Amino acid sequence: MANSNIIRKNIVCPRCNETTEAALYTSVNVTARRDLRAQAMNESLFKWTCKNCGYTARLTYPVLYNDMKNRFMVYLIPKIEHFQLADKALEEEFKNLKHINKRIVPDFNSFKEKIFIFESGLDDMAVELTKLAISEAVAAKHNIPDVTEGYLSMYNSENNTMGFTYFVGEEKRPYVQSARLEIYGKSVSVVNELAVKDKNLKGFIRIDREWAENILYRYKRGRQVARRNAEQSKEEQE
Ligand SMILES: [Zn+2]
């Protein structure tokens, strides 16, 4: 298990050119340091303030977030486009951790969303699939071709609902759509059937909209084939 780790770096202020040392968390272990969880979620962990003029900036750099109690690790690697992490040393270090969800994410929003999903005890693959399916309904409602951005913003198992905040249209207007948990439940069974290979991968992987589109495509194609086969056997019987 990775402990919290800090590196120190001198950063030159873009406003006044003075240098201020920054403490960068390259690894955060919230099992041992619960306070770091709140700091990660409100992004103060990544904030840097110039000691001379007070200028503040959010620093963007790779951070590995560990929550062993909730059995997940999220590695924020700004702008990463790979499906799998290509860091052999890191893979080697964590390869024996069984039944731990290991994810890579390209930005702060998906970083925080993954933390929320796993803390809620949800399956992020099924959440992505649900988000995608509901985004199609939201797009239809607004009469636009698609809605590509959104995140899980609410989960309430007692009220049997989950909610997604989408960014709709060119102006990216936030729009909240809630859904019954049955839709999520359906996604869980689709994922359990079609994503067995990804579920068994030992490394860090990227589970996002693109991934969900692929699963949804395979699901729809599978249903078409099943329908065609059913029609064929009906014809043969007749
Ligand atoms: Zn400054």
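Shown above is the structure to which this text applies.
Now for a description of the structure that goes with this document. (Residues numbered from 1 in each chain as written. Predicted model: local features only at pLDDT ≥ 70, side-chain atom pairs only at ≥ 80, totals over all residues. Heavy atoms only, no water.)

1. Brief notes about the overall build of the protein
Secondary structure summary: the protein contains seven helices and ten strands in total. Taken along its principal axes, the extent of the C-alpha atoms in the protein is 85 × 45 × 35 Å. Here the protein holds 238 residues, and the buried ones make up 42% of them. Within the protein, contacts between residues at least 6 apart in sequence are counted, and of these 59% link residues at least 24 apart. The positive charge centre, built from 37 side chains, and the negative charge centre, built from 32, are 3 Å apart in the protein. (Helix = DSSP H or I, 4+ residues; strand = E, 2+ residues; numbered from the N terminus. Buried < 20%, exposed > 50% of the residue type's maximum accessible area, 1.4 Å probe, protein only. Contact = heavy atoms within 4.5 Å. Lys, Arg positive; Asp, Glu negative; His and termini not counted. Charge placed at Lys NZ, Arg CZ, Asp CG, Glu CD.)

2. A short note on the coordination of the zinc ion
The protein atoms donating to the zinc ion are Cys13 (SG), Cys16 (SG), Cys50 (SG) and Cys53 (SG), with metal-donor distances spanning 2.3 Å. Note that the zinc ion binds four donor atoms; their angles at the metal cover 103 to 116°, and the shape is tetrahedral. Binding-site remark: the zinc ion is held by donors from one chain whose sequence spacing is C-x2-C-x33-C-x2-C. Note on Cys53: relative accessible area 29%, which makes it partly exposed. (Donors = N, O, S within 2.8 Å, 3.2 Å for Na, K, Ca; no water. Tetrahedral: all angles 85-135°; square planar, octahedral: opposite > 155°, others 65-115°.)

3. Here's the deal with the nonpolar core
Core analysis: the largest hydrophobic core is formed by 56 residues, its most contacted members being Val28, Tyr65, Phe111 and Trp211. Among the elements that make up this core, the one with the highest residue count is helix α4 (residues 124-141) (eight residues). If near-sequence neighbours (up to four positions away) are discounted, Trp211 is found in contact with Phe83, Met125, Val191, Ala195, Asp198 and Arg206. (Core = buried A, V, L, I, M, F, W, Y, C linked by side-chain atoms within 4.5 Å.)

4. Digging into the packing of α4 against helix α7 (residues 209-237)
Between α4 and α7, whose axes approach to 9 Å, the crossing angle comes to 75°. The angle between α4 and α7 places the two elements in the roughly perpendicular class. Across the interface between the two elements, Met125, Glu128, Leu129, Leu132, Ser135 and Glu136 of α4 pack against Arg209, Trp211, Ala212, Glu213, Ile215, Leu216 and Lys220 of α7. Classifying every residue of the contact of α4 with α7 gives seven nonpolar, one polar and five charged. (Axes fitted to C-alpha atoms, helices over the stretch in contact; angles between N-to-C directions. Parallel < 35°, antiparallel > 145°, perpendicular 65-115°, else oblique. Nonpolar A, V, L, I, M, F, W, Y, C, P; charged D, E, K, R; others polar.)

5. A word on the sheet that holds strand β1 (residues 5-12)
Strand order across the open sheet formed by five strands is β1-β2-β5-β6-β7, with mixed pairing between neighbours. Both outer strands of the open sheet, β1 and β7 (101-105), are each paired with one neighbouring strand and no more. The mean angle between the axes of side-by-side strands here comes to 25°, regardless of whether they run parallel or antiparallel. Alignment of strand β5 (residues 63-67) against strand β6 (residues 72-76), held across five bridges, turns out to be antiparallel. Across the sheet, the residue bridging to Val63 is Leu76, located in β6. (Pairing = 2+ DSSP bridges.)

6. Section: the environment of Phe108
Tracing the backbone through its elements, the reader meets Phe108 in helix α3 (residues 108-119). With a relative accessible area of 7%, Phe108 lands in the buried category. In this structure, the C-alpha to C-alpha distance between Phe108 and Leu132, residues 24 residues apart in sequence, is 20 Å. Sequence-distant contacts of Phe108, that is, excluding residues within four places in its chain, are made with Glu43, Phe46, Arg58, Leu59, Thr60 and Leu76.

7. A closer look at the pairing of β6
Judged by how many residues are buried, β6 sits mostly within the fold: five of five residues are covered. Of the two faces of β6, the one carrying Phe72, Val74 and Leu76 and the one carrying Met73 and Tyr75 are both buried. Between the antiparallel neighbours β5 and β6 lie four residues, among them Arg71 with a positive phi of about 55°. Pairing analysis gives five bridges linking β6 to β7, with the strands arranged parallel. Within the sheet, the bridge partner assigned to Val74 lies in β7 and is Arg103. Once the chain exits β6 it traverses helix α2 (residues 88-94) before rejoining the sheet at β7, and the crossover so formed is right-handed. (Right-handed = clockwise from strand over helix to strand, strands pointing away.)

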